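Now for the letters of each chain:
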2 protein chains.
Amino acid sequence: MTTIDLQAMGKAAKAASYRLAALSSQEKTAALLAVAAQVEAGAEAVLAANAQDVADGRARGLSEALLDRLLLTPQRIDKLAAAVRHVAALPDPVGMEIEGRVLPNGLRLSRRRVPLGVLGVIYEARPNVTVDIAALALKTGNAVILRGGSETLRSNRALVHLIHRALEEVGLPSAAVQLIDSPDRALVRQLLRLDTYVDMIIPRGGAKLQRLCQEESTIPVILGGIGINHIYVETSADLEGALRVIENAKVQRPSVCNAVDTVLVESAVAKTFLPQLVARLRPLGVEFRADAEAMAILAGEAGVLPAEAGDFDREWLSLVLGLKVVSGLDEAIAHIRAHGTGHSEAILTNDLAHATRFVDEVDAAAVFVNASTRFNDGGQFGLGAEVAISTQKLHARGPMGPEALTTYKWIVQGKMHVRV
Amino acid sequence: MTTIDLQAMGKAAKAASYRLAALSSQEKTAALLAVAAQVEAGAEAVLAANAQDVADGRARGLSEALLDRLLLTPQRIDKLAAAVRHVAALPDPVGMEIEGRVLPNGLRLSRRRVPLGVLGVIYEARPNVTVDIAALALKTGNAVILRGGSETLRSNRALVHLIHRALEEVGLPSAAVQLIDSPDRALVRQLLRLDTYVDMIIPRGGAKLQRLCQEESTIPVILGGIGINHIYVETSADLEGALRVIENAKVQRPSVCNAVDTVLVESAVAKTFLPQLVARLRPLGVEFRADAEAMAILAGEAGVLPAEAGDFDREWLSLVLGLKVVSGLDEAIAHIRAHGTGHSEAILTNDLAHATRFVDEVDAAAVFVNASTRFNDGGQFGLGAEVAISTQKLHARGPMGPEALTTYKWIVQGKMHVRV
C-alpha cells in the first residue's frame, strides 16, 4: 500500500484552488475541452485498466448490477467526453455580482459569486463520477480531492492520469484534481477531518456512506441522494393519469433516488384504484408490500405481500412498491413526515385546497402536484448539470447545479470610511 | 439537577415548527409584538433573576467584563423589547418565490423560500441573545432550542418564561422556543447529535465552542465570529486616512470579531507610517506586537514588543495590534492566506490594479478597499438584523440576516406529467 499524505494533498489542493479561482471562463473552457480530448485519446488505456477492475470484481464475486456500474465501454467513454464538453458550454457562475448597491454612508457594497475552494468527493463504483465531478469542479474554479470506490481504482487512476495530461497541456497544476490512490479506508476518515484545506464534502453513495460523513466530518457535508418518496392519490385525481404517473415513478428507473417507494391511497378510492394499480404494474415486474387495509382489498392478488415492520422506512431502489390506505390528506401528510427523507413527495389530486396544503405542509426538497417524482433531477429542472440531489436544507436543497459549488464574498469599497 | 429529555424537546420543537411554518406574516408579527410587551411587563422578574445570576457570578469570581456582559438593567431590557419590535417590522423572507418558470414540457417549476425547521443555538454569557434569537426564529417561522451559558441560567429562564406567556397569548405552542434548563454540559453534546429534529446549529461564542460544534455535531453548523483580521497599507494610500481607518478598526470596539488584529505595511512606506501609527494609537491605550522589521523601525518606542511565535495567529479582542512589514502585495496576500480566518480583510491603497488583485485573491467573507473592517456587520450592510457573522462558505457567508434562517423547496405542478 502506498503512503498517502492527505495533509500534503490538501495543501496542494488549496494552493491550486487559488490559481483556479483566478481563471477566466475562457481558460476554464479550454481546460475542459482538453480534458474531453484526452479522455477520448486515452480511451484504450482506460478500457484496459477498467477491464482489470471488472475482472477483479468478477473474481471477487461482485453482483452483475455492480459490475455493470463499474464497466466502461467505448460508447460510455464517448459519453463521458461529451458530458465534459456539455459542462464546458454551460454558463460560468463564478464572478457574477449577486447584488450591488451604495450604502447611505457612501460605501459601495456588492456580493460576488466565487468558488468554494477545495471539494472532497467520496463515491462508489461508477468511474464516470471521476470525470463528471472533475469537470464540474474545474468549471466552477474549485480544486477537488477524489476518493472513488476500491473496485474502480485502476479505472479512476487511468482517468485522472488523462485529466492531469490535459491540465499540463493548458498550464494548470495537476493538484487541481487529485485522486486518493489507495483503497485504505482510514484515508476516508482523514479526508473528512481535513478542514484546514477542504471546504465541502460531497458523498455520492448509499445511506451508510452518508451517515459516516455526517458522523465523522468536521467539514460541511452535502447529504443527499437518499429518497424514501411517496405519491399520495386522492379520490378526485384523474385515476388513469395516476396509473401512468406511478408507473413512471416506479418502473422507469427503479434503482435511482427519485423513484417512488410508497403509494398512499385515499380510503374512499382505494377499492377502485388499488386493484387497477396492481394490474397495471405487476406485468412490469413490480412486487407490492401492502398495509393491512390495502391487503384486505388486494387479498389473493399474486405479488402482494403484507408490509413488514420497517418496510415503509426502506428506500427500495428496486421494483418493489409499498401500498398504504390513508383516511385523507392529514394522514398522508403525517405518514410522509414520519417516513419521508425530504427528497421527492407527490400528490395526485384535482382538489385545489388539498394541493395547496400538500405543497405548503410537506417539507421536502421537491414537492410535486400531478407529476412524477422522477422529475426531481438537475437536468430536468434545467440546471445544466447535476452535482448531487441534496436532502439537507443548508446551502442547496434538491438538485444542485454548478452554482451550488460556489459561495460569495462581500466586497466593500470606500474612501477611507470609518464606522460611527 | 433536572432530568432533561432532549429527544422529547426535539420532537416537540419539530411539531411546533410545522405550525410556525404555516403562519402568515401578520400572525408572526403579532407573536413578536406580544413577546416585546411581555418582556417589558415582566422586566421586574427578569431583573430579579438576573441580579441572582450576577451575584452568583461575582461570588464565583467572574471578571468585571463578563459580569457586565451578563448584567441586565431596565435600559437594557427596554432595548431588548425595542429590538424585538424592530425584528417584527422587518420584511418576512418566508414564502418568497425565488424563481418560477414553465419547463419545455409544460411543468410549472418554482422555488419558494421556507423556514429551516428547528434551530439549535448555543451561546455564552449574554442573556439578550435569548430574546434576540427567539425573535429571529419566530420571524422566520423556525422553532428554536436554546442553550445559554450557565452563568445566566436564571435570567434566561425568566426571559423564556415571558416568551412562553406571549406565545400562549397568541395561541402558539410553547415548544416553539425551548430552553435547555440545566447547566449540564453533556446536554450540549446531545443537542449536537439531535439530527433527527434539529436542522441547524448556531454556536455564538469563542473558538473553543466553535471547535466543539465542528467536531461533534452531526447537524450542519454555522461557524463564525472568529476574526483574525488584517489591514494592509500601501505606499500609495492616503496615509492620514489610513491612520483614521486603523484607529477605527482597532479602538472603536476592540472586543468584537470585526476589529483589526494585524496591520501589514508595505516596506517602502514603513519607516514613515509605522511611527505615525504608534504615535496615533498609543495614547488611546493600544499596545503593539511587531515583527523584526517593524521592531527595527520602532526600536525604543514604549508599548512596542517583539511579536512572539503565534502572535500573528491570535484574535486579540483587546487593544493589542500586530505590526508586520511586507515587501508588497504578494507577501501581504500570502500572510493573510496563512494567518487569516476568512472574516474581514482590508487594503488601503490608491493603486487600482492592487485593489483589484486584493479583492480577487483574498478569500474572506468580506474584503474591504479603503474602509474599516468594522463595517462587516449585518446592521451596517442593511440586513435589518444579524443572526451571526459566518466565516464558513456554505449556506451563508459574512453577516447573516433573517434570510439565512430559511431554505427553499422546489415546487413542481403538472398535468399528470411523466418523465420520458
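Undergrad: Help me out: how do you make sense of the overall build of chain A in this one?
TA: Looking only at helices and strands, one finds 14 helices and 16 strands in chain A. Since a compact globule built from 420 residues should have a radius of gyration of about 22 Å, the 24 Å found for chain A is in line with a globular shape. If one aligns the C-alpha atoms of chain A with their principal axes, the spans along those axes are about 70 × 70 × 35 Å. Looking at chain A as a whole, 57% of its 420 residues are labelled buried. When the accessible area of chain A is evaluated, it comes to approximately 16000 Å², of which 52% is carbon and sulfur surface.

Undergrad: Mind showing me how you'd approach the sheet that holds strand β9 (residues 287-290) of chain B here?
TA: One open sheet accounts for 10 strands, arranged β1(A)-β2(A)-β16(A)-β13(B)-β12(B)-β7(B)-β8(B)-β11(B)-β9(B)-β10(B); its pairing is mixed. Since the sheet does not close on itself, it has two edges, and those belong to β1 (97-102) of chain A together with β10 (304-306) of chain B, each with one partner. For this sheet, the mean angle separating the axes of adjacent strands, direction not counted, is 20 degrees. The pairing of strand β2 (residues 108-115) of chain A with strand β16 (residues 406-417) of chain A spans eight bridges and is classified as antiparallel. When the sheet's bridge partners are listed, A:Pro115 is paired in β16(A) with A:Thr406.

Undergrad: Got a minute to help me understand unusual backbone geometry in this structure?
TA: Negative phi values dominate among residues other than glycine, just as trans dominates among peptide bonds. All names here are of chain B. Of note in this structure, asparagine 370 is not a glycine but carries a positive phi near 55 degrees. Within the element layout of this structure, asparagine 370 appears in strand β13 (residues 366-371). Its relative accessible area of 12% is what places asparagine 370 among the buried residues. Phi at methionine 416 is positive, roughly 60 degrees, even though this residue is not glycine.

Undergrad: Where do I start with the confidence of the model for chain A in this structure?
TA: Interpreting fine coordinate detail is not advised for predicted regions of low pLDDT. Per-chain confidence: chain A averages 96 in pLDDT, with 100% of residues scoring 70 or above. Here the complex is predicted with pTM 0.95, and the ipTM for its interfaces comes to 0.94.

Undergrad: For this particular structure, what's the right way to read the environment of B:Gly378?
TA: Relative to the elements of secondary structure, B:Gly378 occurs in the loop between β13 and β14 (388-390). Between the C-alpha atoms of B:Gly378 and B:Met400, which are 22 residues apart in sequence, the distance is 6.5 Å.

Undergrad: Teacher, can you tell me more about the packing of helix α2 (residues 25-41) of chain B against helix α6 (residues 128-139) of chain B here?
TA: Geometry of a packed helix pair, given as the angle between the helix axes and the separation of the axes. Residues and elements named next belong to chain B. Where α2 meets α6, the axes come as close as 9 Å, and the angle between the chain directions of the two elements is 165 degrees. With respect to each other, α2 and α6 are oriented roughly antiparallel. Both α2 and α6 take part in a crossing whose hand is right-handed. In this structure, α2 contributes Lys28, Leu32 and Val35 to the contact, and α6 contributes Ala135, Leu138 and Lys139.

Undergrad: Is there a simple way to think about the side chain of A:Asn50 in this case?
TA: Residue and element names in this part refer to chain A. Along the chain, asparagine 50 turns up in helix α3 (residues 43-59). Taking the relative accessible area as the measure of exposure, asparagine 50 reaches 1% and is therefore buried. Excluding residues within four positions of it along the chain, asparagine 50 makes contact with Leu70, Leu71, Leu72, Pro127 and Ser155.

Undergrad: Please explain the interface of chain B and chain A as it appears in this structure.
TA: How big an interface is tends to be expressed through the accessible area that disappears when the partners come together. Listed per partner, the contact involves 74 residues of chain B and 76 residues of chain A. The contact between chain B and chain A buries some 6300 Å² in all, and 52% of this surface belongs to carbon and sulfur atoms. For chain B, the biggest contributors to the area lost against chain A are B:Trp410, B:Met416 and B:Arg419; these three give 15% of the whole. Summed over the shared surface of chain B and chain A, the number is 10 salt bridges. Notably, a salt bridge pairs B:Asp377 with A:Arg419, separated by 3.7 Å at the nearest N-O pair. In this assembly, chain B and chain A are joined by 51 residue pairs in polar contact (both at pLDDT 80 or more). If you list the elements that add at least two residues to the side of chain B that touches chain A, you get α1 (6-21), β2 (108-115), α9 (207-216), α10 (239-251), α14 (352-361), β13, β15 (398-400) and β16 (406-417) of chain B. If you tally residues by element for the side of chain B that touches chain A, the top one is β16(B), at 11 residues.

Undergrad: What exactly am I supposed to notice about the relation of the copies chain B and chain A here?
TA: There are two copies of the chain, and a rotation about an axis plus a shift along that axis relates them. Note on the identical chains: chain B maps onto chain A by a rotation of 180 degrees and an axial translation of 0.0 Å, with an RMSD of 0.1 Å. What the superposition gives is, in effect, a two-fold axis relating one chain to the other. Distance from the rotation axis, computed per C-alpha, reaches its smallest value in chain B at B:His395: 1.8 Å. Here 100% of the contact residues of chain B are again contact residues in chain A; the copies associate through an equivalent surface.

Undergrad: Is there a simple way to think about the pairing of β1(A) in this case?
TA: In summary, the side chains of a regular strand alternate between the two faces of the sheet. All names here are of chain A. Across five bridges, the pairing between β1 and β2 is antiparallel. Within β2, the position partnered with glycine 100 by the bridge is serine 110. Remark: five residues form the turn of the hairpin made by β1 and β2, two consecutive strands paired antiparallel; glycine 106 in that turn has positive phi of roughly 95 degrees.

Undergrad: What is the right way to look at the sheet that holds strand β7 (residues 230-233) of chain A in this model?
TA: In a beta sheet, neighbouring strands are held together by backbone hydrogen bonds and run either parallel or antiparallel to one another. Pairing in this open sheet of 10 strands is mixed, and the strands run β10(A)-β9(A)-β11(A)-β8(A)-β7(A)-β12(A)-β13(A)-β16(B)-β2(B)-β1(B) from one edge to the other. Among the strands making up the open sheet, the edge pair consists of β10 (304-306) of chain A together with β1 (97-102) of chain B. Neighbouring strand axes in the sheet, compared pairwise and without regard to direction, differ in orientation by 20 degrees on average. Pairing of β7(A) with strand β12 (residues 344-348) of chain A, which is carried by four bridges, proceeds in the parallel orientation. Paired with A:His230 across the bridge in β12(A) is A:Glu345. Docked against the sheet, helix α11 (residues 267-281) of chain A engages β7, β8 (262-266), β9 (287-290), β10 and β11 (320-326) of chain A, running at close to 145 degrees with respect to β8(A).

Undergrad: In this structure, what is going on with the pattern of salt bridges? I would like to understand it.
TA: Side chains bearing opposite charge may pair, as long as their charged atoms lie close to each other. Within this structure, the stated rule accounts for 58 salt bridges over all chains. Of the charged contacts in the structure, one is a salt bridge between A:Glu97 and A:Arg112, with a shortest N-O distance of 3.8 Å. Pair noted here: A:Glu97 is in strand β1 and A:Arg112 is in strand β2, with a separation of 15 residues, a long-range link. Residue classification places A:Glu97 among the partly exposed positions, given a relative accessible area of 45%. Note on A:Arg112: relative accessible area 23%, which makes it partly exposed. The salt bridge involving B:Lys28 is made with B:Asp92; its shortest N-O contact spans 2.8 Å. With a gap of 64 residues between them, B:Lys28 in helix α2 and B:Asp92 in the loop between α5 (74-89) and β1 connect regions that are remote in the sequence.

Undergrad: Can you help me understand the side chain of A:His417 in this one?
TA: You can see A:His417 is positioned in strand β16. A polar contact is formed between the side chain of A:His417 and the backbone nitrogen of A:Lys415, at a distance of 2.9 Å. Not counting chain neighbours up to four residues away, the residues in contact with A:His417 comprise A:Asn105, A:Gly106, A:Leu107, B:Val245, B:Asn370, B:Ala371, B:Ser372 and B:Phe375.

Undergrad: Is there a simple way to explain helix α10 (residues 239-251) of chain A in this structure?
TA: Note on helix geometry: an α-helix contains 3.6 residues per turn, so any two residues three or four positions apart are oriented the same way. All names here are of chain A. Helix length check: α10 (13 residues) gives 18 Å between terminal C-alpha atoms against 18 Å at 1.5 Å per residue, within 8%. Where α10 is concerned, the buried positions are Leu239, Gly241, Ala242, Leu243, Val245, Ile246, Asn248, Ala249 and Lys250. Backbone nitrogen of glutamate 240 and a side-chain oxygen of the N-cap are separated by 3.2 Å at the start of α10; the cap is aspartate 238.

Undergrad: What exactly am I supposed to notice about the packing of α2(B) against helix α7 (residues 153-169) of chain B here?
TA: Residues and elements named next belong to chain B. One can describe the packing of α2 onto α7 by two numbers: an axis separation of 8 Å at closest approach and a directional angle of 135 degrees. Of the possible angle classes, the one that applies to α2 and α7 is oblique. Handedness of the α2/α7 crossing: right-handed. Judged by residue contacts, Ala34, Val35, Gln38 and Val39 of α2 engage Leu162, Ile163, Arg165, Ala166 and Glu169 from α7. Its residues placed into classes, the contact of α2 with α7 shows six nonpolar, one polar and two charged.

Undergrad: Quick question: what am I supposed to make of the nonpolar core here?
TA: Side chains of a nonpolar character, in soluble globular proteins, are inclined to be buried together. Counting residues in hydrophobic clusters, the biggest one holds 122 residues, and the most contacted among them are B:Val233, B:Ile246, B:Phe273, B:Leu321 and B:Leu323. Among the elements that make up this core, the one with the highest residue count is α6(B) (eight residues). Contacts of B:Ile246, omitting those with residues within four sequence positions, involve B:Ile231, B:Val233, B:Val260, B:Val263, B:Phe273, B:Leu277, B:Leu281, B:Leu321 and B:Leu348. Counting 121 residues, the second largest nonpolar core, distinct from the first, contains A:Leu162, A:Ile201, A:Leu209 and A:Cys213.

Cut-offs applied
Residues numbered from 1 in each chain as written. Chains lettered and ligands numbered in written order. Predicted model: local features only at pLDDT ≥ 70, side-chain atom pairs only at ≥ 80, totals over all residues. Heavy atoms only, no water. Helix = DSSP H or I, 4+ residues; strand = E, 2+ residues; numbered from the N terminus. Rg over C-alpha atoms; globule rule 2.2 N^0.38 Å. Buried < 20%, exposed > 50% of the residue type's maximum accessible area, 1.4 Å probe, protein only. Areas by Shrake-Rupley, 256 points an atom, 1.4 Å probe, with all protein chains shown as cover. Pairing = 2+ DSSP bridges. Axes fitted to C-alpha atoms, helices over the stretch in contact; angles between N-to-C directions. pLDDT = per-residue confidence, 0-100. Parallel < 35°, antiparallel > 145°, perpendicular 65-115°, else oblique. Left-handed = near helix turned anticlockwise from the far one by under 90°. Contact = heavy atoms within 4.5 Å. Buried area = accessible area lost by both parts, 1.4 Å probe. Salt bridge = Lys/Arg side-chain N within 4 Å of Asp/Glu carboxyl O. Polar contact = N/O pair within 3.5 Å; in protein donor to acceptor, adjacent residues only side chain to side chain. Least-squares fit on C-alpha atoms with pLDDT ≥ 70 in both. Expected span 1.5 Å × (residues − 1). Nonpolar A, V, L, I, M, F, W, Y, C, P; charged D, E, K, R; others polar. Core = buried A, V, L, I, M, F, W, Y, C linked by side-chain atoms within 4.5 Å.

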